[in-house]
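# A structural walkthrough
One letter stands for each residue in the lines below.
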Amino acid sequence: LMRESYLNEKDVGFKQIKQDLGHVVVVGGQGKLGQLFSQMLVLSGYKVKSLDKNDWQDAAAIFDGAGLVIVTVPINVTCEVIREKLTQLPEHCILADLTSIKEAPLAAMLAAHKGPVVGLHPMFGPDVGSLAKQVVVVCHGRDQEAYQWLLQQIEIWGARIVEAEAERHDKAMQLVQAMRHFSTFVYGVNLCKEEADIGNLLQFSSPIYRLELAMVGRLFAQDPELYADIIFAQPGSQLAISDYLDNYRDALTMLQTGNRQAFVEQFQRVAKWFGDFAPQFQHESRAMLQSVNDMKAD
Ligand code: NAD
């Protein structure tokens, strides 16, 4: 019901928190996330101008009078764009970005601009129907009071604001995004190389496997560039991923040496480490599996 009410709001518009802003400039405004945020801002009554890669000759005019500049260009050019092109913004203009990594872009923004700065990471893709219950991570930069309204505006769209320190955010993303997407990628590579018959697998599949296969398969319905960006953006991700490989190899050794007892002991150790989360996850997934079962198109 909540999801529906936000969807309706998306049709008719949202409450505008900041009335006297001037306009918003979205750098990378023709991109997927740029378009989504532009749309949300327009639906909330803001005037939005796009500045994409072929528009830099008009930059001075586009930035003139801007109250908010949002950078949402590919990760690998983000810091360069900030350093080279965003040093002459109006003094009181808020400079924000939507990049999936936070430490380097935030540092670049703080160096390029003297006014308010905030780093945002929407933890969702452009294919979400609404922002209801989605998470936006916020890394504070400078002059929080000046951009507080923006966080409120994002909450009006239905999203939850989660504050994080940039370095810790990036570290978490190595596990939550880079390592996870990478192992999903390898899972897909493996199915492909083994020439698995997906239709056949689905016939044998219980709801839990169908859900897992859907999680893997959906990766390959999306943009490889985005995932390459996320996986390759941070050198530290290589460590997280090779740790995973080490653990995998150790577990494989248990299997190859027939060390069933070691498997059981390690299982118990991990279960203990998960603590109350393990039964909580079991409970949560039961409800999800029930709905997967209900919608199963066999
Ligand atoms: P995208 O490729 O769809 O859009 C990027 C846009 O930037 C394009 O329109 C491109 O023309 C433009 N651009 C490239 N170089 C430019 C330049 N020098 N100056 C101005 N514009 C330039 O990418 P996207 O998926 O919208 O991602 C944009 C940002 O959002 C990235 O930092 C990404 O990490 C972040 N992000 C994306 C997602 C997602 O699921 N797509 C989720 C969270 C965060």
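Preceding this paragraph is the structure being described.
This text gives an overview of the structure that appears in the document.

Each value, and the rule that gives it
- Residues numbered from 1 in each chain as written.
- Predicted model: local features only at pLDDT ≥ 70, side-chain atom pairs only at ≥ 80, totals over all residues.
- Heavy atoms only, no water.
- Helix = DSSP H or I, 4+ residues; strand = E, 2+ residues; numbered from the N terminus.
- Buried < 20%, exposed > 50% of the residue type's maximum accessible area, 1.4 Å probe, protein only.
- Areas by Shrake-Rupley, 256 points an atom, 1.4 Å probe, with all protein chains shown as cover.
- Axes fitted to C-alpha atoms, helices over the stretch in contact; angles between N-to-C directions.
- Parallel < 35°, antiparallel > 145°, perpendicular 65-115°, else oblique.
- Left-handed = near helix turned anticlockwise from the far one by under 90°.
- Contact = heavy atoms within 4.5 Å.
- Nonpolar A, V, L, I, M, F, W, Y, C, P; charged D, E, K, R; others polar.
- Near = heavy atom within 4 Å.
- Polar contact = N/O pair within 3.5 Å; in protein donor to acceptor, adjacent residues only side chain to side chain.
- Phe/Tyr/Trp six-rings, centres within 6.5 Å; stacked < 30°, edge-to-face > 60°.

A few words now on the overall build of the protein. Per the secondary structure count, the protein includes 13 helices and 7 strands. Over its C-alpha atoms, taken along the principal directions, the protein stretches across nearly 70 × 40 × 40 Å. For the protein, with 298 residues in total, the buried portion stands at 39%. With an accessible surface of roughly 18,000 Å², the protein has 55% of that area assigned to carbon and sulfur atoms.

Moving on, we come to the environment of Asp 143. With respect to the element layout, Asp 143 can be found in the loop between strand 6 (135–142) and helix 6 (144–156). Owing to a relative accessible area of 43%, Asp 143 belongs among the partly exposed residues under this scheme. Spatially, the C-alpha atom of Asp 143 lies 8.6 Å from that of Val 118, the residues being 25 residues apart in sequence.

Our next topic: the packing of helix 7 (residues 166–193) against helix 11 (residues 236–256). As a packed pair, helix 7 and helix 11 sit with axes 9 Å apart at the nearest point and diverge in direction by 55 degrees. Judged by the inter-axis angle, helix 7 sits oblique to helix 11. Helix 11 is crossed by helix 7, and the crossing has right-handed handedness. Contacts between helix 7 and helix 11 involve Gln 174, Leu 175, Ala 178, Met 179, Phe 182 and Ser 183 from the first element and Gly 236, Ser 237, Ala 240, Ile 241 and Tyr 244 from the second. Partitioning the contact of helix 7 with helix 11 into residue classes produces 7 nonpolar, 4 polar and no charged.

Before going further, it helps to spend a moment on the environment of Ile 75. Structurally, Ile 75 can be placed in helix 4 (residues 75–85). Using a relative accessible area of 16% as the deciding quantity, one classes Ile 75 as buried. Through-space distance from the C-alpha of Ile 75 to that of Ala 233 is 7.2 Å; in sequence the pair is 158 residues apart. Excluding anything up to four places from it in sequence, Ile 75 contacts Thr 99, Ser 100, Ile 101, Asp 229, Ile 230 and Ala 233.

Quick look at the site of the ligand now. Taken together, 24 residues form the shell around the ligand, and within it Lys 32, Leu 33, Asp 52, Trp 56 and Ser 100 come nearest. At a separation of 2.9 Å, an oxygen atom of the ligand approaches a polar backbone atom of Lys 32. A distance of 2.4 Å separates an oxygen atom of the ligand from a polar side-chain atom of Asp 52. Look at the ligand: alone it shows 820 Å² of surface, and the protein chains cover 85% of it.

With that settled, the discussion passes to the packing of aromatic side chains. A complete count under the given rule lists 9 aromatic pairs for this structure. When the centroid spacing of 6.2 Å and the interplanar angle of 50 degrees are considered together, the rings of Trp 56 and Phe 63 count as tilted. Their ring planes at 50 degrees and their centres at 6.4 Å tell us that Tyr 244 and Tyr 248 sit as a pair that is tilted. Here Tyr 244 pairs with Tyr 248, and both are found in helix 11, just 4 residues apart, close to one helical turn. Given a relative accessible area of 53%, Tyr 248 falls into the exposed group. Chaining the aromatic ring pairs together yields one cluster made of Trp 273, Phe 274, Phe 277 and Phe 281.

Close contact between helix 7 and helix 9 (residues 207–219) brings their axes to 9 Å; oriented N to C, the two are set at 100 degrees. In terms of orientation, helix 7 and helix 9 fall into the roughly perpendicular class. Note on element contacts: helix 9 touches helix 7 through Tyr 209, Glu 212, Leu 213, Met 215, Val 216 and Leu 219, opposite His 181, Thr 184, Phe 185, Tyr 187, Gly 188 and Leu 191. When the residues that make up the contact of helix 7 with helix 9 are grouped by side-chain class, the tally is 8 nonpolar, 3 polar and 1 charged.

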